[in-house]
Structures are given as C-alpha cells and as structure tokens.
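Chain by chain, the residues run as shown.
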Amino acid sequence: MRNLLLIFFLLPLLALGQNGLGLRFASNINYFPRSQDYQLVSHAFTTGLFGFFYSSYKPRNGIELGVNVVHKGGKFNLPVVMRDFTTSGNVAEVTSLETDLKVGPRFGAFNPKIGYVFGYRLRTTGFQVPGAEGHINRMYFMLPFGLSVNLPTNYGSVGFGSYYNVGILNVLTDPNPGGGAIYDGGRYRYINFEITVTYDTR
C-alpha cells in the first residue's frame, strides 16, 4: 500500500512541465446560507457545468484559466447532476456563463488551489420562495478553495478535484441603491466536484 501511494504521488514528476488545453465536466451543490432571512429557497440543488481551460503546471506550482457554462432546468437536465433536493415542488433553474482563474502550489499529484470565479446569470428562476419580491443579481463573484489531482497520460493528463466556493456579491439586488446604507442581500455557496481531461500542447 505504501508503494502504491508513493507511485501515485511521484507519477506527475515524470512530466515536470505541462502546458495544455482541457475540458472540464463538473457539478455544483448550491445552497443559500441564512436563506429564510432573505426569502431564498432553503433546499440545496445541483447544477451541471461544462468548460474549457488553459493550464500551465511547473514542478512546484500551477495555474488554470477557463470559461464555463453552468446549467439547470428547461428541457435538458441530467440525473443527479441537475436536480433539486426538496419535496416542496419549488424548482430552481439557472443558465450562466463564467470565467475562472485558479492558482496554487504543486505537491506531486496534488494541487491545492485558490482563485476566483466571475459569472453572469443569463436566466434564473426559483431562487426565491413563492411570493418573494426581490430581484436576483445577475452577476456573481466566488472565491474557490480546493484541491485537484492530475495524472499524466500519453496525450496529457486526467484529473479530478473538489472546491468550496464562497460568494462575495449579494444574491439580491439593492431595492434602494441610492439610499447610502450598506445592503445585505444574501449569500451564495456551492461545493464543486469536477473531472478534467487535458491535452498537452508542448
């Protein structure tokens, strides 16, 4: 067992420098902290994510820059990846575009990362409880904290990772933007699970 762990940790060192173009397949588990204070739905829901990214990994550090499409609802939904965890009948739907940047050190196969995710919601329904009169902010800004594992292949690498994403911007827009007071419009969180395939460009 110890030898297997050693091989798993040292395997990426066979490719000391890697630059590549990749595909990202992921699902986010979304929820709103203190949802009742802002008339947001209290149940969690998952959204699917598909993206493209450029990565550059060196022996001690790495960086990824990408664009993603996030979707749930309408006529296209995947089981588990896009669903609501509730029996109330309220359905959350969203389609958004986002950019993300992640950087961090490299420890063999393991890549701790931080960065940012900036997104724009093209379509949003079901984030609020029935009868709520607030307006959902189309923009969101997240801070991801997580870890990925990338293993080399004969064409590049395959990997998987998980991140906890903390929302910075309000979920709801300020109903009185000229009032001068600091508006607290709720927060957004999600846990991300991803699978990546990267094609080496070097």
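Residues numbered from 1 in each chain as written. Predicted model: local features only at pLDDT ≥ 70, side-chain atom pairs only at ≥ 80, totals over all residues. Heavy atoms only, no water.

Counted under the stated rule, the structure contains 9 salt bridges. We note a salt bridge from Lys72 to Asp84, for which the minimum N-O separation is 2.5 Å. Highlighted residues: Lys72 in strand β3 (residues 61-72) and Asp84 in the loop between β3 and β4 (93-105), separated in sequence by 12 residues. By the burial criterion, Lys72 is buried, and Asp84 matches it. For Asp100, the salt bridge goes to Lys102, with nearest N and O atoms at 3.3 Å. Each of the two residues, Asp100 as well as Lys102, counts as buried. A single salt-bridge network, built from bridges that share partners, covers Arg24, Glu64, Asp100, Lys102, Lys113 and Glu194. (Salt bridge = Lys/Arg side-chain N within 4 Å of Asp/Glu carboxyl O. Helix = DSSP H or I, 4+ residues; strand = E, 2+ residues; numbered from the N terminus. Buried < 20%, exposed > 50% of the residue type's maximum accessible area, 1.4 Å probe, protein only.)

A few words on the packing of aromatic side chains. For the coordinates displayed, the defined rule picks out 10 aromatic pairs. With centroids separated by 5.3 Å and ring planes inclined at 80°, the aromatic side chains of Phe50 and Phe52 adopt a geometry described as edge-to-face. Using a relative accessible area of 35% as the deciding quantity, one classes Phe50 as partly exposed. Seen from their ring centres, Tyr155 and Tyr199 are 5.4 Å apart, and the 35° between their planes marks the pair as tilted. Taken together, the residues span a long stretch of sequence, with Tyr155 in the loop between β6 (139-152) and β7 (156-167) and Tyr199 in strand β8 (residues 189-200) at a distance of 44 residues. Taken together through their ring pairs, the aromatic side chains of Phe32, Phe45, Phe127, Tyr140, Tyr188 and Tyr190 make up a single cluster. A cation over a ring is seen here: Lys102 above Tyr163, with NZ or CZ 4.9 Å from the ring centre. The ring centre of Tyr188 lies 5.2 Å from the NZ or CZ of Arg121, which sits over that ring. (Phe/Tyr/Trp six-rings, centres within 6.5 Å; stacked < 30°, edge-to-face > 60°. Lys NZ or Arg CZ within 6 Å of the ring centre and 35° of its normal.)

Here we take up the environment of Tyr31. With respect to the secondary-structure elements, Tyr31 resides in strand β1 (residues 18-31). Sequence-distant contacts of Tyr31, that is, excluding residues within four places in its chain, are made with Ala44, Tyr164, Arg187, Tyr188 and Arg189. Polar contacts involving the side chain of Tyr31 include one to the side chain of Tyr164, which spans 2.8 Å. (Contact = heavy atoms within 4.5 Å. Polar contact = N/O pair within 3.5 Å; in protein donor to acceptor, adjacent residues only side chain to side chain.)

A few words now on the side chain of Arg121. By secondary structure assignment, the location of Arg121 is in strand β5 (residues 110-125). Buried within the structure, Arg121 lacks any salt-bridge partner; Glu98 is the closest side chain of opposite charge, at an N-O distance of 8.4 Å. Residues contacting Arg121, with those up to four places away along its chain left out, are Val94, Thr95, Ser96, Phe127, Ile136, Asn137, Arg138, Met139, Tyr140 and Tyr188. (Lys, Arg positive; Asp, Glu negative; His and termini not counted.)

Topologically, Arg106 is positioned in the loop between β4 and β5. Nearest to the buried, unbridged Arg106 among oppositely charged side chains is Asp200, at 9.7 Å. From its side chain, Arg106 meets the backbone oxygen of Lys58 in a polar contact 3.0 Å long.

Attention now goes to the sheet that holds β6. A barrel is described by the order of its strands in space; here 8 strands give the closed sequence β1-β2-β3-β4-β5-β6-β7-β8, paired in antiparallel fashion. Across the sheet, the mean angle from the axis of one strand to that of its neighbour is 25°, orientation sign disregarded. With 12 bridges joining them, β3 and β4 adopt antiparallel strand pairing. Residue pairing in the sheet places His71 in a bridge with Thr95 of β4. (Pairing = 2+ DSSP bridges. Axes fitted to C-alpha atoms, helices over the stretch in contact; angles between N-to-C directions.)

Let's shift gears to unusual backbone geometry. The backbone of Arg34 sits at a positive phi, close to 50°, despite the residue not being glycine. Tracing the sequence through the fold places Arg34 in the loop between β1 and β2 (45-57). For Arg34, a relative accessible area of 55% gives the class exposed. Positioned with a positive phi, Val80 is a non-glycine residue whose angle comes to about 70°. On the secondary structure map, Val80 appears in the loop between β3 and β4.

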